[in-house]
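# Results of the structural survey
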Amino acid sequence: MVKRHFDYEEKYKNLQGKFEELQELSKNLQFDLTNEFKLMEKKMKDIRDNKYQNLTAWEKILLSRHQERPTVRDYIEFIFDDWIEMHGDRCYGDDRAVIGGIASLKGIPVTVLGHQKGRGTNENLHTNFGMPHPEGYRKVERLILQAEKFKRPVLTLIDTPGAYPGVGAEERGQAGAIAQVLMTLCSLKVPIISAVTGEGGSGGALALAVCDRLLMLSNSVFSVASAEACASIIWKDAGRAEEMASALKLTAQDIKDLGIADEIIEEPMGGAHKDFETMAKKLEESLVSNLKELLALESHELNEQRYKRLRQIGRFQEN
Amino acid sequence: MLKSAFGKQKLIPIPDSREYMQSTEKDVGREKCPSCSRRVSELELKENHKVCPECQYHFSMTAWERIHFMADPDTFQEFNSDLRSINILDFPGYDEKLESAMKQTGLKEALVTGQCTIGGYPVILGTMDSRFMMASMGSVAGEKVCRAVEKAIDLKIPLILCTASGGARMQEGMLSLMQMAKTSAVLDRFHQQGLLYMTLLTNPTTGGVSASFASLADIILAEPGALIGFAGPRVIKQTISEILPADFQKAEFMLKHGMVDKIVNRLVLKDTVESLLRLHLGGKNG
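Procedures and definitions
Counting restarts for each chain: residues are numbered from 1 in the order of the written sequence. For naming, the first written chain is A and the first written ligand is 1, with later ones following in the order written. Residues qualify for local features only when their pLDDT is at least 70, as the model is predicted, and side-chain atom pairs are given and counted only at 80 or more; totals for whole chains, interfaces and linings, by contrast, use all residues. Runs of E in the DSSP output that reach at least two residues are strands. Runs of H or I that reach at least four are helices, and both are numbered from the N terminus. Three exposure classes are used, based on other C-beta atoms lying within 10 Å of a residue's own C-beta, which is placed from the backbone: buried for 20 or more, exposed for 12 or fewer, and partly exposed in between. This entry defines residue contacts through backbone-placed C-beta atoms, with two residues in contact when those atoms are within 7 Å. Axis definition: a line fit to C-alpha positions, over the contact stretch in the case of helices; interaxial angles, taken between N-to-C directions, run 0 to 180 degrees. For classification purposes, an angle smaller than 35 degrees is called roughly parallel, one larger than 145 roughly antiparallel, one from 65 to 115 roughly perpendicular, and anything else oblique. Crossing handedness follows the turn of the near helix against the far one: under a right angle anticlockwise gives a left-handed crossing, and clockwise gives a right-handed one. Residue polarity follows a fixed list, in which Ala, Val, Leu, Ile, Met, Phe, Trp, Tyr, Cys and Pro are nonpolar, Asp, Glu, Lys and Arg are charged, and the others, Gly among them, are polar. An automatic or database domain assignment provides the domain bounds reported here. At least two bridges found by DSSP between two strands are what make those strands a pair. When the strands point away from the viewer and the connection leading from the first strand across the helix to the second strand turns clockwise, the crossover is called right-handed.

## Things to note about the overall build of chain B
Along chain B, the regular secondary structure elements total 11 helices and eight strands. Taking all 286 residues of chain B together, the buried fraction comes to 51%. Residue pairs in contact within chain B that sit at least 24 positions apart in sequence constitute 70% of those at least 6 positions apart.

Written out as structure tokens, the structure reads:
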């Protein structure tokens with residue numbers, strides 16, 4: 001049976017509760033166990049920290065999808081000043097699974113784009129669980145070209161299970177819309193920085209990840225397709241998703257080792273939701289320092305670097 | 001009014017794409033048309049370019065059958081034929097799968113690329129073979145597409161890719177997904193050169209291939225009945241648990257929704273491609 005949610009926290013909380021009860025009891029009974037408690041507290045913390053530092057790929061997937069995990073909008077509102085959201089693709093509609101707009105990062109005007117998941121059922125129905133339709137990708141296309149026109153760097157935040165698989169999405173050209181964004185980003189004349197904040201799912205995530213710098217939060221994942229889908233397609237058994245998660249090499253560290261991600265931003269112990277402010281500040285720092293480096297480059301240098309970066313990806317044998 | 005327009009639409013469950021492909025392959029051996037059930041002799045099928053003479057059902061072509069059909073006789077020169085996939089992620093079972101695909105098809109990978117002439121016009125031609133792990137795109141397919149594009153840029157001649165693919169090759173993880181971006185980057189440069197790029201979408205063209213190089217052509221042609229789309233029909237069926245329209249994700253459906261320029265019957269395909277090359281004055285630039 002595949003574990004469906006990250007249950008370590010609950011177990012730990014349970015233990016913590018009992019520990020507090022014991023402390024209370026010993027106080028009431030006037031049993032002085034202060035030193036023993038200190039020892040125990042440290043030991044418990046060590047065990048917990050050790051666990052969080054050694055999460056399996058599947059546990060990271062579960063954390064990246066955690067109900068309490070900060071959403072892209074949370075980061076945008078915390079990190080940027082003067083955020084003004086823009087809507088619509090000017091053709092069909094406004095996809096709420098992708099948000100985009102203009103904002104200021106330490107005084108530098110930037111275009112910000114990202115997948116928007118919701119918290120809870122109502123919000124998720126509103127944002128379609130962060131799974132965009134073609135109009136979402138056409139909104140992205142429109143806003144990145146606008147960014148280029150006004151020489152604004154583009155920052156994207158990635159958090160999606162993937163592009164929406166549905167009839168309407170196919171009718172309105174999901175494949176073509178994604179392909180077009182990929183191609184436009186390849187030679188966009190302004191710096192592009194992408195950060196995977198949660199789930200990087202398949203082509204729907206990749207459409208926002210063609211960039212000059214790819215950052216990943218330490219518990220975020222980036223995968224060719226969901227572990228569940230891969231297990232059901234390759235092994236005909238969705239129940240082996242946990243095993244598939246390891247085989248796919250989808251953790252931030254794996255993606256960096258493969259030469260695809262540039263930087264891992266360490267999350268607070270227990271995940272981004274445990275200390276949102278610290279997390280958001282770290283992400284902001286990284287965005288600022290990477291942006292400064294990229295702004296020092298001429299646009300042709302930037303394009304040449306981005307091209308080389310993409311062109312060399314892949315491993316094969318030739319003889 | 002809307003209701004009447006949709007009311008007549010016949011809704012039947014669409015066949016599973018995998019079963020569909022398998023049944024196609026099986027029946028080629030038995031020479032039975034999967035569409036009209038007519039038994040077609042091997043010779044008849046060959047002479048008719050693997051199109052059923054009765055119902056025009058288009059049987060799948062292998063990569064080399066497609067090349068022999070499209071290229072002027074004896075003009076095709078393959079390049080980069082020695083690129084092979086490696087099991088970079090140590091993915092369980094991948095080596096064995098590659099080996100059996102190579103054995104079954106005699107190919108080293110799912111994509112064959114080279115230079116040839118079509119109607120006398122020099123072009124770069126690539127064809128995909130769905131027998132090879134559903135022609136999924138891994139590092140090798142991505143690299144071969146890129147090198148084919150670069151060759152076309154060097155020679156300033158048109159590029160024609162005949163696609164067939166189930167999508168990204170999951171056994172190569174993110175390296176395969178990134179091939180979508182890589183091929184798009186190279187095609188972006190190609191387009192900046194003012195060169196002509198045409199794709200022919202054949203059964204099936206889905207996933208990472210449809211969401212990258214297959215959709216980035218100046219002219220997109222499709223074979224009748226080909227399954228074309230982003231998500232596979234099985235995934236969609238699972239997600240929305242609804243009965244899908246009868247022609248859903250077929251070439252005809254894609255034409256109706258404005259996603260392809262033209263559906264071309266294989267019997268007039270070569271003529272059509274030649275005409276398009278002629279109308280682009282050979283598609284040479286410079």
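## Details of the environment of Leu215(A)
Residues and elements named next belong to chain A. Structurally, Leu215 is set in strand S6 (residues 213-217). On the neighbour-count criterion, Leu215 (24 C-beta atoms within 10 Å) is buried. Each C-alpha atom of the pair Leu215 and Ile76 lies 16 Å from the other, and the pair is 139 residues apart in sequence. For Leu215, the contacting residues outside a window of four places in its chain are Ile193, Ser194, Ala195, Asp262, Glu263, Ile265 and Ser286.

## Examining the packing of helix H6 (residues 134-149) of chain A against helix H8 (residues 174-186) of chain A
All names here are of chain A. One way to put it is that H6 packs onto H8 with a least axis distance of 8 Å and a crossing angle of 20°. Here H6 is positioned roughly parallel relative to H8, judged by the angle of their axes. Where H6 crosses over H8, the two elements pack in a sense that is left-handed. Side by side, H6 and H8 meet where Pro134, Tyr137, Arg138, Val140, Glu141, Ile144 and Leu145 of the first sit next to Gln174, Ala177, Ile178, Gln180, Val181, Thr184 and Leu185 of the second. Here the contact of H6 with H8 is composed, by residue class, of nine nonpolar, three polar and two charged.

## Focus: unusual backbone geometry
Following Asn203(B), the chain continues into Pro204(B) via a peptide bond in cis, with omega recorded as -10°. Of note, Pro204(B) is situated in strand S6 (residues 197-205). Not every positive phi belongs to a glycine, and Gln30(A) is a case in point at roughly 55°. Within the secondary structure, Gln30(A) sits in the loop between helix H1 (8-28) and helix H2 (34-53). The backbone of Lys156(B) shows a phi angle near 55°, a positive value even though the residue is not glycine. Residue position: Lys156(B) is located in the loop between helix H6 (139-155) and strand S5 (159-165).

## A few points about the domain arrangement of chain A
For chain A, the assigned domains read domain 1 (8-54) and domain 2 (61-311). The gap between the C-alpha centroids of domain 1 of chain A and domain 2 of chain A is 39 Å.

## Digging into the domain arrangement of chain B
Residues and elements named next belong to chain B. Each domain of chain B was delimited in the assignment, giving domain 1 (16-59) and domain 2 (61-281). Taking only C-alpha atoms, the centre of domain 1 and the centre of domain 2 are 21 Å apart. Every contact between the two is made by nine residues of domain 1 and, on the other side, 15 residues of domain 2.

## Overview of the pairing of strand S7 (residues 219-222) of chain B
All names here are of chain B. With four bridges connecting them, S6 and S7 associate as parallel partners. Within S7, the position partnered with Leu200 by the bridge is Leu221. The pairing of S7 with strand S8 (residues 262-263) spans two bridges and is classified as parallel. Paired with Ala222 across the two strands is Ile263, which belongs to S8.

## Some words on the pairing of S6(B)
Residue and element names in this part refer to chain B. Of all the nine residues making up S6, nine are buried; the element is thus mostly covered by neighbouring parts of the structure. Pairing geometry for S5 and S6, over six bridges, is parallel. Bridge pairing in S6 places Cys162 opposite Leu200. Crossover connection from S5 via helix H7 (residues 173-192) to parallel S6: handedness right-handed.

## Focus: the interface of chain A and chain B
Interfaces are often described in size by the accessible area the parts lose on coming together. Counting residues at the interface gives 45 residues for chain A and 49 residues for chain B. For the side of chain A that touches chain B, the secondary structure elements donating two or more residues are helix H7 (167-171), H8, helix H9 (202-206), strand S7 (221-223), helix H10 (227-234), helix H14 (299-311) and strand S9 (316-318) of chain A. A total of eight residues in the side of chain A that touches chain B trace back to one element, the largest contributor, which is H8(A). In terms of residue class, the side of chain A that touches chain B is made up of 28 nonpolar, 11 polar and six charged. Relative to strand S2 (residues 83-85) of chain B, S9(A) runs antiparallel, the two sharing three bridges. Following the sheet pairing, Glu318(A) is matched in S2(B) by Leu83(B).

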